[in-house]
Amino acid sequence: MRALWVWTAVFSTLALAQTFEVASGEARYRVREELLGVGVADAVGATKAVTGRVVLKGPEAQGEFVVDLRELRSDQARRDNYLRQNTLQTDRFPTATFRPKRVEGLPNPLPRQGRYPVRVVGDLTLRDVTQEVVWEGEAVFGEEVRVSLKTEFPFERFRLVQPRVPVVLGVENRIRLEVELTLRRL
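K.L.:
I'd like a rundown of the pattern of salt bridges, residues and numbers included.
P.N.:
Taken as a whole, this structure holds 22 salt bridges when the rule is applied. For Arg-176, the salt bridge goes to Asp-42, with nearest N and O atoms at 2.9 Å. Of this pair, Arg-176 sits in strand E10 (residues 175-185) while Asp-42 sits in strand E2 (residues 39-47); the two residues are 134 residues apart in sequence, bridging distant segments of the chain. For Arg-176, a relative accessible area of 16% puts it in the buried group. Judged by its relative accessible area of 27%, Asp-42 is partly exposed. Across the salt bridge formed by Glu-132 and Lys-101, the nearest N and O atoms sit 2.6 Å from each other. Taken together, the positions of Glu-132 in strand E7 (residues 129-141) and Lys-101 in strand E5 (residues 95-104) put the pair 31 residues apart, joining distant regions of the chain.

Given below as structure tokens:
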């Protein structure tokens with residue numbers, strides 16, 4: 001009888017697992033900079049080159065999301081080139097990878113409809129450095145799942161060097177990352 005209970009518990013847990021993949025998405029960075037003759041503003045770069053898949057089992061998550069950093073674009077080609085060549089070194093490290101471990105705030109079993117505040121905890125790899133990060137935002141369930149998340153950290157957490165060029169008077173030591181994903185159930 002105990003074996004039947006154990007198998008029932010295992011089957012129930014597996015039956016609640018759901019797999020999602022990126023149907024579309026956008027990843028962005030925001031960094032506050034002060035430009036000579038312009039003043040203080042956010043430098044924003046974005047890319048739609050986002051792929052990935054996640055399996056959710058209760059609060060546990062497994063999967064991988066990959067952003068092609070070579071596709072990041074801002075409103076300044078010089079900024080983009082500097083970031084690719086110096087800060088991100090995309091010739092050696094072309095992608096950023098996030099591997100989620102836990103999603104907090106979702107009901108179990110997962111809903112078919114509704115809006116939920118979420119925290120996603122996992123490992124982010126930029127260049128050759130992997131650190132645990134926490135993303136905060138929301139998930140909106142419907143025919144597809146729309147996810148909006150944000151996180152931030154100082155440059156040195158991932159051994160990134162703050163940009164220093166003559167026309168830039170200063171760059172704040174804080175990188176804000178944002179993702180907007182549309183996920184489809186598999």
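Read on, since the account is not over.
K.L.:
Go over the pairing of E7 with me, naming the residues and quoting the values.
P.N.:
When strand E6 (residues 114-126) meets E7, the two strands line up antiparallel, connected through 13 bridges. Across the sheet, Asp-123 pairs through a bridge with Glu-132, a residue of E7. The hairpin formed by E6 and E7 contains two residues between the paired strands, and Arg-127 there has a positive phi angle of roughly 55 degrees. Pairing between E7 and strand E8 (residues 145-153): six bridges, direction antiparallel. Along E8, the bridge assignment pairs Glu-138 with Ser-148. Turn length for the E7-E8 hairpin, with the two strands adjacent in sequence and antiparallel, is three residues.

K.L.:
Break down empty space enclosed by the protein for me, with residues and values.
P.N.:
Tallying each qualifying case throughout the model produces one cavity of 30 Å³ or more. Roughly 30 Å³ of volume is contained in the largest cavity. What lines the largest cavity is Leu-69, Leu-72, Asp-80, Leu-83, Arg-84 and Leu-88. Residues of the lining of the largest cavity, tallied by class, amount to four nonpolar, no polar and two charged.

Each value, and the rule that gives it
Sequence positions are assigned chain by chain, starting from 1 and proceeding in written order. Local features are withheld for residues below a pLDDT of 70 in this predicted model, meaning they are given only at 70 or higher, and side-chain atom pairs are given and counted only at 80 or more; totals for whole chains, interfaces and linings count all residues. Think of the side-chain values as coming from all heavy atoms in the structure, minus any hydrogens and water. By convention in these notes, a salt bridge is any Lys or Arg side-chain nitrogen within 4 Å of a carboxyl oxygen on Asp or Glu. Only DSSP runs of H or I reaching four residues or more are called helices, and only runs of E reaching two or more are called strands; each is numbered from the N terminus. Each residue's exposure class comes from its accessible area (1.4 Å probe, protein chains only) as a fraction of the maximum for that residue type: buried when under 20%, exposed when over 50%, partly exposed otherwise. Between any two strands, at least two bridges found by DSSP are needed for them to pair. Points on a 1 Å grid, built from protein atoms alone, make a cavity when a 1.4 Å probe fits but cannot get out and make a pocket when they are open with protein on both sides within 12 Å along at least 5 of 7 lines; residues with an atom within 4 Å of a point are the lining residues. Grid points are joined across faces, edges and corners, and a volume is the space filled by probe spheres set on the points. All amino acids are sorted into three groups, where Ala, Val, Leu, Ile, Met, Phe, Trp, Tyr, Cys and Pro are nonpolar, Asp, Glu, Lys and Arg are charged, and the leftover types, Gly among them, are polar.

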